[in-house]
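So you can see what is in the structure, the chains are spelled out below.
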Amino acid sequence: MCGIMGYVGDRDTTRIILEGLAKHEYRGYDSAGIAVIKDGKISELRTVGRVAQLAEKVAAAGLTGDIGIGHTRWATHGGVTETNAHPHISSDDRVVLVHNGIIENAREIRAELEAKGIKFHTETDTESAVQYLGYVYDGDPKEAIVKLTARIRGAFALVIMFYDKPREIWVARKGSPLVVGHAGNEGFCASDPTALLEFTHDVWFMDDDEMAQITREGCRFFDFSGAEHEKASMHLDWDAAMTNRGKYPHFMLKEIHEQPDVVAHTLLGRVADDAVDLSRELSWTPDEAAQWKRIHFVACGTSHYATIVAQHIMETFGNFEIRTEVASEYRYRNIPTGPDTLAVFVSQSGETADTLHAARLAKSRGAKCLVITNVRGSTIHREVGDALITPAGPEIGVAATKTFTAQITILTLLGLYLAKLRGELDPNTERRLVSALMDIPGKQAAMLDREREIELLARDFADARGFFFIGRGIAYPPALEGALKLKEISYLHAEAYPAGEMKHGPIALLDKELPVVALVPKNELWEKTISNIEESMARKSPIIALATEGDDQICHYTRNVIFTPETEPELFPFVAVVPLQLFAYYIARQRGCDIDMPRNLAKSVTVE
Ligand code: G6P
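The shown structure was predicted, so the numbers you read here are calculated from the model rather than taken from an experiment.

Trainee: Would you explain the packing of aromatic side chains in this entry?
Mentor: The geometry of an aromatic ring pair comes down to the distance between the two centres and the angle between the two planes. Counted by the stated rule, this structure contains 11 aromatic pairs. Pairing Tyr137 with Phe162 gives two aromatic rings, centres 4.5 Å apart and planes at 35 degrees, and the pair type is tilted. Highlighted residues: Tyr137 in the loop between helix H4 (126-136) and helix H5 (141-151) and Phe162 in strand S7 (residues 154-162), separated in sequence by 25 residues. Between Phe468 and Tyr497, the ring centres sit 6.1 Å apart and the planes meet at 45 degrees, which makes this aromatic pair tilted. Residue Phe468 is found in strand S23 (residues 466-471), and its partner Tyr497 is found in strand S24 (residues 493-498); the two are separated by 29 residues along the sequence. According to the relative accessible area criterion, Tyr497 is partly exposed, its value standing at 22%. Among the aromatic residues, those joined into a ring-pair cluster are Tyr7, Phe188 and Phe199. A cation over an aromatic ring shows up here: Lys231 above the ring of Phe221, its NZ or CZ 6.0 Å from the ring centre. The positively charged end of Lys522 is found above the aromatic ring belonging to Trp526, 3.7 Å away from the centroid.

Spelled out as structure tokens, the structure:
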């Protein structure tokens, strides 16, 4: 949802900005731009398209600067044009800025400034901010930003340069993520901390209603009234190498392959002797846990599907009343929430606006809130209180893979721990599931060994019109995620249905050009799903089955079978998701799609 990078220092400013933007491209990639100050003059270059195109323009123009800011855009207000691309400059050429977010009262400000004779050049909401700054700036950047932040409404991460301040960058945040770093005589800012890892691991996450001045000498922090305050930095334990593709052609493939390690890391320190213990992270008492009558899982996209997996698993061993809700709906419905509610917010990025607002709402209604996120220091992590961090490392591919697996691992542990605190967990179930979880990395690795088989299968089906995914019980939530992966990266229509529900409508769509991917693990629902496979075959749909190793009967129905290793029935999603991700990946590759940066999507959606 737009990526921002800023640099103050003695190195090659444009190179650092361009490399930083490339790390942000997953956040938006319809246009990009850069601005620098050199010899007291602002220069900028913008382009429709990717950061690589911007880099070509920068090289051709020989652009250099003493300080600089850059932006990669995911359009909200105004079409994808070079004019609308950031950075934006005030009409008097004195102020330049980049913005992530939405300025809600942009029209009003524009009308006010146009009435004063200021000429606007773009269709963006952002231009109202830069023109306003140009209008009020009288040589004191802090005062101008105080006035701006009092005037604009909405969400923003702003990075600003003033023509007569060639040694400083200013940033301001409300609602959109922004992180600041400093090392030696260099200062940085970025939307995503991974862009700073090669320079420093100690960063300041900007809070709402906070601004900062970044110079070679250091960073100073102020509130929106202009009062200065001290701010503690946070140490990031991610390794810069984690943000490289390594030997893989795409981040998505690399991240699919990381899943066995991710599960192992997620379990580390949380299970021992076949028992789960989250007491180091959650200081919940049995009395407290007993008072939560209901559990709300709230999330978006893949994280939402992870919570549906959790719901299915938890219902097998706990006496829980669970709701799973997409955050954008949860906020606007009158769902009973209060001190008897445990509300769990799951967000890979920790920045998704819908999830963040839903968490704020639940908190204001007195619910006990817990966040599960992959980004320590993200806004949700800092705001919500209790947290479980998934140690999946940075996920760069827009389509989530390893973070889904990390989420379902930690959610399973959470369910077990909660049931145990409430005295509801049968010790045998705990032993059985924890020991089965410990085996998951090996089973996922075995699944990855079948990559070539899945690639060949994907090739056979790459020209399909679309896909249906079906599954019953525990096989339904991975069907949802499998269909989502395919939609996201191959642009094929893919829909997941509880297998038994298909006959109540969607079956009308089936024909020989619409394959059905049936998730049919060997469990008590096997026969029922087989009946649904038969129904699909009767409508001539080609069948691809995901079945349990040793299930010979499945071959009577189709020769397109992906066998998954046997596991405890509840944990089927862990082994099912890997081949489904690979299937989507190879279909998209066969179709020549832009796998790591699919059209219209952004990895972190910071607008509602
Ligand atoms: C976006 C991404 C999805 C992701 C969802 C939730 O829509 O494109 O891949 O699942 O946001 O993101 P979160 O960071 O909150 O898990």
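Trainee: Help me understand the pairing of strand S13 (residues 219-223), please; the structure alone is not making it clear to me.
Mentor: As a general feature of sheets, a regular strand has side chains that alternate between the two faces. The pairing of strand S12 (residues 210-215) with S13 spans 5 bridges and is antiparallel. Its bridge partner being in S13, Met211 is matched across the sheet by Phe222. With 2 bridges joining them, S13 and strand S14 (residues 228-229) adopt antiparallel strand pairing. Bridge pairing links Phe222 to Glu228 in S14. Hairpin geometry of S13 and S14 is characterised by an intervening segment of 4 residues between the two adjacent antiparallel strands and by a positive phi of about 100 degrees at Gly226.

Trainee: Where do I start with the pairing of strand S22 (residues 386-389) in this structure?
Mentor: Neither face of S22 is open: one carries Asp386 and Leu388, the other Ala387 and Ile389, and all of them are buried. By the bridge criterion, 4 bridges tie strand S21 (residues 368-373) to S22 in an arrangement that is parallel. When the bridges of S22 are listed, Ile372 appears paired with Leu388.

The rules behind these values
Residues numbered from 1 in each chain as written. Predicted model: local features only at pLDDT ≥ 70, side-chain atom pairs only at ≥ 80, totals over all residues. Heavy atoms only, no water. Phe/Tyr/Trp six-rings, centres within 6.5 Å; stacked < 30°, edge-to-face > 60°. Helix = DSSP H or I, 4+ residues; strand = E, 2+ residues; numbered from the N terminus. Buried < 20%, exposed > 50% of the residue type's maximum accessible area, 1.4 Å probe, protein only. Lys NZ or Arg CZ within 6 Å of the ring centre and 35° of its normal. Pairing = 2+ DSSP bridges.

Shape descriptors only; they carry no functional weight alone.
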